[in-house]
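Structural overview for review
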Amino acid sequence: MIMEKEMALNKTVLSVRGLTKKFGNLEVLRGVDLDIRDGEQIAIIGPSGCGKSTFLRCINCMEDPSGGSIIFDGVDIADMSVNINKHREHIGMVFQQFNLFNNKTVKENIMLAPVYVGVRDLRAKKRKNFFIRLANLFKKEKKALLPLETTEAEIKAKAEENAMSLLRRIGLEEKANVYPSTLSGGQKQRIAIVRALAMNPEVILFDEPTSALDPEMVGEVLDLMKQLAKEGMTMVIVTHEMGFAREVADRVLFMDEGKIKEEGSPAELFGNPKDARLKDFLSKVL
Amino acid sequence: MNSFSEMWQEFVKQFITRKGYENVLKGLGITVEIAVLGLLIGILIGTLIAVVRVMPKYKTLPRVLDKICGGYVELFRGTPMVVQLLIGYWVLLPALDIQVNSGVPVAIIMFGLNSGAYVSEIMRGGINSVDPGQMEAGRAVGLPYSTSMLKIVVPQAVKNILPTLGNEFIVLIKETSIVSFIAVTDLYKSFKQLGDPTYDYTVPYLMLALTYLIMVLLISAGVRALEKKLKKSER
């Protein structure tokens with residue numbers, strides 16, 4: 001079991017080098033490096049205003065980095081000329097404010113992106129086939145058409161099936177056809193998490209997922225995240241829940257003044273902090 | 001000066017016995033047609049312009065489009081509707097060498113273009129009122145800007161601005177009364193014709209006002225009902 005996990009840890013999913021971010025003259029990130037390895041859970045802690053949320057939002061370019069590189073799938077996605085949408089499909093994100101689509105039912109919220117991507121790829125293939133056919137009219141050697149393995153109806157049916165099984169997993173299948181405004185914060189956040197899961201992401205970024213929740217709902221969201229962690233989902237979590245970070249994370253990063261000041265296993269970082277600022281921070285929050 | 005009852009009798013004679021109501025119904029139809037189709041075109045143009053104007057402007061193309069749309073809005077809000085109508089009919093049609101049998105299509109298009117300018121400002125407000133997190137969530141799952149806009153933000157914006165759009169429709173219905181400038185027989189013209197035989201317009205114009213008022217009240221009630229229904233649909 002441990003062997004397996006260590007093997008898995010060898011593969012780097014995403015690697016950040018020298019990331020900087022400026023808002024006008026304000027330098028929020030001053031050179032952050034991070035390798036996110038497959039199956040790893042990373043917790044990012046730090047005082048407010050230290051840049052941890054900005055860093056997380058830079059990882060999938062929700063904020064465009066001012067400098068540095070982010071290598072994902074062998075491409076530097078910090079480069080503005082890259083089609084970021086294609087890569088975001090594989091990087092899930094969960095927000096502090098849930099951000100479920102208010103004009104869509106719960107089920108539609110989960111289905112929207114998978115259906116969009118499936119249909120888009122199918123249409124692209126159909127378009128290509130059209131041109132192949134057109135070219136074939138003038139050629140002796142006919143080029144083979146791209147195989148279409150699916151139809152739009154099938155894509156939708158599959159996405160719906162998947163959405164329902166995800167909802168069943170979090171025990172909210174009876175909420176499939178209601179709008180988000182009727183749900184509690186905890187339910188919304190759990191749905192936001194499975195919405196991210198529906199795309200089979202390689203990594204999920206959590207931006208303070210429990211900070212906007214009533215205290216009694218924090219548990220249900222953290223439980224779901226623990227389950228994902230156990231299943232080996234790669235996760236990067238910005239959090240104020242120190243207990244959760246200690247329990248779930250493989251690695252904890254302490255950020256301050258736009259830099260990673262200290263990083264290590266939860267035992268090291270919480271048990272034997274070296275950085276003065278971290279010691280001070282921990283004395284206040286623990 | 002005739003007494004009001006005499007005037008009323010004359011109106012009834014024109015309206016019913018001489019079948020003036022047929023004309024009035026036709027005029028009513030044309031008024032509604034111009035206002036409804038004009039508003040639809042307006043919403044289409046307005047939404048497009050609003051989306052262009054709220055787009056992030058890192059690149060040159062959105063910046064140029066934004067300037068063009070800004071100019072469009074200033075142009076149509078800065079000149080009277082009558083003037084736009086007259087220019088459409090007497091300047092653009094001959095210039096483009098288009099022959100028409102009636103001014104109705106011209107009126108529809110000009111009202112659509114004009115209302116597009118106003119709707120774009122309404123829609124821009126609506127789009128800005130939608131929580132930015134909605135767009136972020138759309139982008140975060142990999143949807144492009146345009147898809148997030150059209151599938152997530154705009155539907156919510158439309159809901160937010162529905163009462164204001166209802167207002168725009170009311171403005172439009174009333175403003176169509178100027179289409180007689182380009183020889184279209186709308187509601188106003190058809191009522192005016194009822195008074196033409198006697199040159200006494202007292203009752204026809206009062207009835208005209210009443211008809212507009214009833215239409216506007218009906219639209220207001222319709223918008224309110226629709227609003228309620230939309231609110232319910234997300235509960």
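Residues numbered from 1 in each chain as written. Chains lettered and ligands numbered in written order. Predicted model: local features only at pLDDT ≥ 70, side-chain atom pairs only at ≥ 80, totals over all residues. Heavy atoms only, no water.

Quick notes on the overall build of chain A
So the rule is basically this: Helix numbers and strand numbers start at the N terminus; a helix is a DSSP run of H or I with at least 4 residues, a strand a run of E with at least 2. Buried, partly exposed and exposed residues are distinguished by accessible area as a fraction of the type maximum, computed with a 1.4 Å probe on protein chains only: under 20%, between the cut-offs, and over 50%, respectively. Working rule for contacts: check all heavy atoms of both residues, and any pair within 4.5 Å makes them a contact. Here, Shrake-Rupley sampling with a 1.4 Å probe gives the accessible areas, and only protein chains in the shown set may cover a residue. Charge assignment: positive for Lys and Arg, negative for Asp and Glu; neither His nor the chain ends contribute. Here the site of a charge means NZ on Lys, CZ on Arg, CG on Asp, or CD on Glu.
Within chain A, the regular secondary structure consists of 10 helices and 10 strands. Every one of the 286 residues in chain A was classed for burial, and the buried ones make up 52%. For chain A, the share of sequence-separated contacts (at least 6 apart) that also reach a separation of at least 24 residues comes to 67%. Accessible area of chain A: about 13,700 Å², with a carbon and sulfur share of 51%. Positive and negative side-chain charges in chain A, numbering 42 and 41 respectively, have mean positions lying 7 Å apart.

A short note on the sheet that holds strand β5 (residues 75-76) of chain A
Residues and elements named next belong to chain A. For clarity, the cut-off: At least two bridges found by DSSP between two strands is the condition for calling them paired.
Taking strand neighbours across the sheet as the criterion, the four strands line up as β2-β1-β4-β5 in an open arrangement whose pairing is antiparallel. Two strands bound the open sheet, and with one partner strand each, they are β2 (26-37) and β5. As paired elements, strand β4 (residues 67-72) and β5 share two bridges and run antiparallel to each other. Bridging across to β5, Ile 71 finds its partner in Asp 76.

Description of the confidence of the model for chain B
Residues and elements named next belong to chain B. Stated formally: pLDDT measures the predictor's confidence residue by residue and takes values from 0 up to 100.
Residues with a pLDDT of 70 or more make up 97% of chain B, whose mean pLDDT is 90. When mean pLDDT is taken per element in chain B, helix α6 (residues 132-140) scores highest with 95 and helix α1 (residues 4-17) scores lowest with 81. With pTM at 0.82, the complex prediction returns an ipTM value of 0.88.

So, the interface of chain A and chain B
Just so we agree on the cut-off: Put simply, buried area is how much 1.4 Å-probe accessible surface two parts lose in total, over both of them, once they are put together. Whenever Lys or Arg places a side-chain nitrogen within 4 Å of a carboxyl oxygen from Asp or Glu, that contact is recorded as a salt bridge. Any pair of nitrogen or oxygen atoms within 3.5 Å is treated as a polar contact; in protein, a donor-acceptor pairing is required on top of that, and neighbouring residues in sequence qualify only through side-chain atoms on both sides. Side-chain classes follow a simple rule in which Ala, Val, Leu, Ile, Met, Phe, Trp, Tyr, Cys and Pro form the nonpolar group, Asp, Glu, Lys and Arg form the charged group, and the remainder, Gly included, forms the polar group.
Taken together, the contact between chain A and chain B spans 25 residues of the former and 21 residues of the latter. Interface of chain A and chain B: buried area, both sides summed, is about 2,000 Å²; carbon and sulfur atoms make up 56% of it. Considering only the surface of chain A that becomes buried against chain B, A:Phe101, A:Asn103 and A:Tyr116 emerge as the three largest contributors, covering 26% of it. In this structure, the connection of chain A to chain B is made through one salt bridge. Note that A:Arg57 and B:Glu136 form a salt bridge whose closest N and O atoms lie 2.8 Å from each other. Remark: the boundary between chain A and chain B carries seven residue pairs in polar contact (both at pLDDT 80 or more). Sorting the residues of the side of chain A that touches chain B by element identifies α3 (84-88), β6 (91-94) and α4 (106-136) of chain A as the ones contributing at least two each. Its residues placed into classes, the side of chain A that touches chain B shows 12 nonpolar, seven polar and six charged.

With respect to a nonpolar patch on the surface
Residue and element names in this part refer to chain B. Put simply, the test is: The residues that make up patches have over 30% relative accessible area and no salt bridge, and they are joined within 9 Å when like-charged or within 5 Å when they are Val, Leu, Ile, Met, Phe, Trp or Tyr.
Together, Val 83, Ile 87, Trp 90, Val 91, Leu 92, Leu 96, Ile 98 and Val 100 make up an exposed nonpolar region whose accessible area comes to about 700 Å². Position of Trp 90 among the secondary structure elements: in helix α4 (residues 81-96). When its relative accessible area of 56% is taken as the criterion, Trp 90 is described as exposed.

Points about the pairing of β4(A)
All names here are of chain A. Taken together, the five bridges between strand β1 (residues 12-23) and β4 define a ladder with antiparallel strand orientation. The residue bridging Arg 17 from the neighbouring strand is Ser 69, located in β4. Where β4 folds back on β5, the antiparallel hairpin that results is connected by two residues, among which Asp 73 adopts a positive phi of roughly 55°.

A few points about the packing of aromatic side chains
Residues and elements named next belong to chain B. Put simply, the rule is: In this analysis, rings of Phe, Tyr and Trp, with Trp reduced to its six-membered ring, are considered paired at centre separations within 6.5 Å, and the interplanar angle assigns stacked below 30 degrees, edge-to-face beyond 60, and tilted for intermediate values.
This model, assessed by the stated rule, comprises nine aromatic pairs over all chains. On the basis of an interplanar angle of 35° and a centroid distance of 5.7 Å, the ring pair of Trp 8 and Phe 11 is categorised as tilted. Of the two residues, Trp 8 and Phe 11 are both situated in helix α1; the distance of three residues between them amounts to about one turn of the helix. By relative accessible area, which is 6% here, Phe 11 ends up buried. Aromatic pair Tyr 89 and Trp 90: ring centres 4.9 Å apart, planes at 90°, arrangement edge-to-face. Under the relative-accessibility criterion, Tyr 89 is labelled buried at 17%.

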